[in-house]
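Remarks on the overall topology
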Amino acid sequence: MIPCRRAADVGAPKVQALRARLVAINPAVEVETRGFVTVETARQLVAAADVVVDTIDFVDLTGIVALHDEAERQRTPIISAMTCGFGAAAMYFPSGCRWTFRDLFGVPTDADTKKL
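Residues numbered from 1 in each chain as written. Predicted model: local features only at pLDDT ≥ 70, side-chain atom pairs only at ≥ 80, totals over all residues. Heavy atoms only, no water.

For the rest of this paragraph, the subject is the environment of G106. For G106, the location among the structural elements is in the segment after α5 (101-105). Put simply, G106 and G63 are 43 residues apart on the chain and 16 Å apart in space, counted from C-alpha to C-alpha. (Helix = DSSP H or I, 4+ residues; strand = E, 2+ residues; numbered from the N terminus.)

Looking now at helix α4 (residues 61-74). Since the α-helix advances by 3.6 residues per turn, residues separated by three or four positions end up pointing in the same direction. An ideal rise of 1.5 Å per residue puts 20 Å on 14 residues; α4 measures up with 20 Å between its terminal C-alpha atoms. Burial within α4 is extensive, with 11 of its 14 residues counted as buried. Restricting attention to buried positions, one finds in α4 the residues L61, T62, G63, I64, V65, A66, L67, H68, D69, E70 and A71. Looking at the buried positions of α4, the neighbouring elements they touch are α3 (39-47), β1 (52-54), β2 (78-84), β3 (87-93) and α5. Looking one or two places after α4, you find R75, whose phi comes out positive at around 55 degrees. (Expected span 1.5 Å × (residues − 1). Buried < 20%, exposed > 50% of the residue type's maximum accessible area, 1.4 Å probe, protein only. Contact = heavy atoms within 4.5 Å.)

A surface patch of nonpolar side chains, amounting to about 350 Å² of accessible area, comprises V51, V53, I79 and Y92. Note that V51 resides in the loop between α3 and β1. By relative accessible area, which is 44% here, V51 ends up partly exposed. (Patch = residues over 30% accessible without salt bridge, like charges linked within 9 Å, V, L, I, M, F, W, Y side chains within 5 Å. Areas by Shrake-Rupley, 256 points an atom, 1.4 Å probe, with all protein chains shown as cover. Salt bridge = Lys/Arg side-chain N within 4 Å of Asp/Glu carboxyl O.)

This part is about the pairing of β3. Pairing geometry for β2 and β3, over 7 bridges, is antiparallel. Within the sheet, the bridge partner assigned to S80 lies in β3 and is M91. Counting the residues between successive antiparallel strands, the hairpin from β2 to β3 contains 2 residues, one of them, G85, with a positive phi of roughly 65 degrees. (Pairing = 2+ DSSP bridges.)

On to the packing of α3 against α4. Orientation of α3 relative to α4, taken along the N-to-C sense of each, is 45 degrees, at an axis distance of 9 Å. Considering the angle they form, α3 stands oblique to α4. Remark: the crossing between α3 and α4 carries right-handed chirality. Side by side, α3 and α4 meet where V39, A42, R43, V46 and A47 of the first sit next to T62, A66, L67, E70, A71 and Q74 of the second. When grouped by side-chain class, the residues that make up the contact of α3 with α4 number 7 nonpolar, 2 polar and 2 charged. (Axes fitted to C-alpha atoms, helices over the stretch in contact; angles between N-to-C directions. Parallel < 35°, antiparallel > 145°, perpendicular 65-115°, else oblique. Left-handed = near helix turned anticlockwise from the far one by under 90°. Nonpolar A, V, L, I, M, F, W, Y, C, P; charged D, E, K, R; others polar.)

Below, the structure written as structure tokens:
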């Protein structure tokens, strides 16, 4: 029986637990983790990445939208992990994708995400 490593993740920030999991799968992978994403930091974060993995909590809609908008502008693929009912889902947005995060979740381009 393989021991469940998820118990070790309890209490750890999600970004650190995900990084540990990815490195366990592929020790050669380079994973750079960041804290909170803002409209001001999104450009720099996306510019430094080949692929962006978004694990931002949905309660921070401003951060998610800023990250996705910037990834779209820079044509950088992005993977979003999110809760879905009692489970989880991962959505892949390749560069130049016809559908954006805003399209899928009905966030207007001119919307103030802090008020949604």
